[in-house]
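Residues per chain, in single letters:
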Amino acid sequence: MDTLDTLHTRRLANWRQTPETRIAGPDDAIPLIERLGLVTLYPVSPELPNLFSAFVGDPDTPTDSNWDSPSGEVYTWRWTLGRRDVGFYTAIVRKRPTWVRWDLLPAALRLFGELRTPDELYDTGVISQPAYRVAQALEAAGGPLSTGELRWQAGFPTGKEQRAAYLKAVEELDTRLLLAKVFSPGDEDMRHALVSARYPQHIATAEKLTRDAALDAFLATYLPGAAYTLPVPLARHLKLPEAELRAGLDRLIAASRARPTTIAGQKGVCYVWNGS
């Protein structure tokens, strides 16, 4: 029987969350994102890697709100990495900032996003009228808009209540992977664009994928770095049906790329990557 301690030690080394393997800065974050495929900015889930814990070399170090701290430094990496176009920056894991490797984006769009148009989503009641206004403003603009421009053109004038309504509308679109964040080289504003307009090739690829194929692509990238997975929390944090996630992991077992195991204190079968 595998012990959780042994597997977890392997995971932390793979994720560079130990003092010996920690990353020194954003330059080291780039190959980490490229290798792991899906990485959050800060600790959001123990089942998924994050840049902050890799920077401090410890998964248990808490974040804080100080600018002159590791938390504050990692916060600035959004622009450092975003301007270098290292990946797709969005909100996936528990609605928190997440980097997605470019070639994994179609699978992420298929699994975690919405491939229907904002018109379809609004007509069927999936998104609200304020969220639809934001999407319409971006469609009319034909390109990225700054926060101020988008608020104005979407009909959210200044004021605390209007700002809150705007942020809620943007979150509706963000969590469905309908919005792309665009980082300007000239300022600290993070602009928005419609994913369908900015990355049509990724949308086209996502539309050709089945959910099984998308999940297989994600797991083939995720599990080697994670070393093992606990399906219950992973499914919950990614908002994937547990049965669907387990079916994908069972396909890895059938292909001799993973093996089942039991881990004390964990519900049901867990899965271990068969590689080194």
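Preceding this section is the structure that the text describes.
Figured I'd write up the structure that's included with this text. Computed from a predicted model, the values in this text were never measured in an experiment.

### Points about a negative patch on the surface
Together, Asp-119, Glu-120, Asp-123 and Glu-139 make up a region of like negative charge exposed at the surface. Here the element with the most residues in the negative patch is helix α6 (residues 118-123); it accounts for three residues. Along the chain, the position of Asp-119 falls in helix α6. The exposure class assigned to Asp-119 is partly exposed, which follows from its relative accessible area of 36%.

### Some words on the packing of aromatic side chains
The final tally for this structure, using the stated rule, is 14 aromatic pairs. With 5.3 Å between their ring centres and 80° between their planes, Trp-67 and Tyr-75 make a pair best called edge-to-face. Accessibility expressed as a relative area gives 28% for Tyr-75, which makes it partly exposed. Aromatic side chains Phe-88 and Tyr-199 sit 5.9 Å apart centroid to centroid with 85° between the ring planes, which places their arrangement in the edge-to-face category. Here Phe-88, found in strand β2 (residues 88-91), pairs with Tyr-199, found in the loop between α10 (195-198) and α11 (200-208); they are 111 residues apart in sequence, far enough to count as distant. A single burial state applies to Phe-88 and to Tyr-199, both of which are buried. An aromatic cluster of at least three residues, connected via ring pairs, comprises Trp-67, Tyr-75 and Trp-79. Here Arg-22 stacks its cationic end above the ring of Phe-55, 5.4 Å away from the centre of that ring. Note that Arg-133 overlies the ring of Phe-156, its terminal NZ or CZ placed 4.4 Å from the centroid.

### A short note on the layout of surface pockets
Its volume calculated, the largest pocket comes out at about 450 Å³. Contributing to the lining of the largest pocket are 19 residues, with Leu-167, Val-170, Asp-174, Lys-181 and His-192 lying nearest its centre. Elements with a contribution of two residues or more to the lining of the largest pocket: β2, α9 (160-174) and β5 (190-194). When residues in the lining of the largest pocket are grouped by element, the largest group, seven residues, is from α9. Each residue belonging to the lining of the largest pocket can be placed in one class, and the counts come to seven nonpolar, four polar and eight charged. Put simply, the second largest pocket is a space of about 260 Å³. In terms of lining, the second largest pocket is formed by 13 residues, of which the most central are Ile-92, Phe-112, Thr-175, Leu-238 and Lys-239. Put simply, the parts of the chain that give the lining of the second largest pocket at least two residues each are α5 (105-112) and α13 (231-238). Counting residues per element, the lining of the second largest pocket draws most heavily on α13, which supplies three residues. Across the lining of the second largest pocket, the residue classes break down as six nonpolar, two polar and five charged.

What counts, and where the lines are drawn
- Residues numbered from 1 in each chain as written.
- Predicted model: local features only at pLDDT ≥ 70, side-chain atom pairs only at ≥ 80, totals over all residues.
- Heavy atoms only, no water.
- Patch = residues over 30% accessible without salt bridge, like charges linked within 9 Å, V, L, I, M, F, W, Y side chains within 5 Å.
- Areas by Shrake-Rupley, 256 points an atom, 1.4 Å probe, with all protein chains shown as cover.
- Salt bridge = Lys/Arg side-chain N within 4 Å of Asp/Glu carboxyl O.
- Lys, Arg positive; Asp, Glu negative; His and termini not counted.
- Charge placed at Lys NZ, Arg CZ, Asp CG, Glu CD.
- Helix = DSSP H or I, 4+ residues; strand = E, 2+ residues; numbered from the N terminus.
- Buried < 20%, exposed > 50% of the residue type's maximum accessible area, 1.4 Å probe, protein only.
- Phe/Tyr/Trp six-rings, centres within 6.5 Å; stacked < 30°, edge-to-face > 60°.
- Lys NZ or Arg CZ within 6 Å of the ring centre and 35° of its normal.
- 1 Å grid on protein atoms, 1.4 Å probe; cavity = no way out; pocket = protein on both sides within 12 Å on 5 of 7 lines; lining within 4 Å.
- Points joined across faces, edges and corners; volume = space filled by probe spheres on them.
- Nonpolar A, V, L, I, M, F, W, Y, C, P; charged D, E, K, R; others polar.

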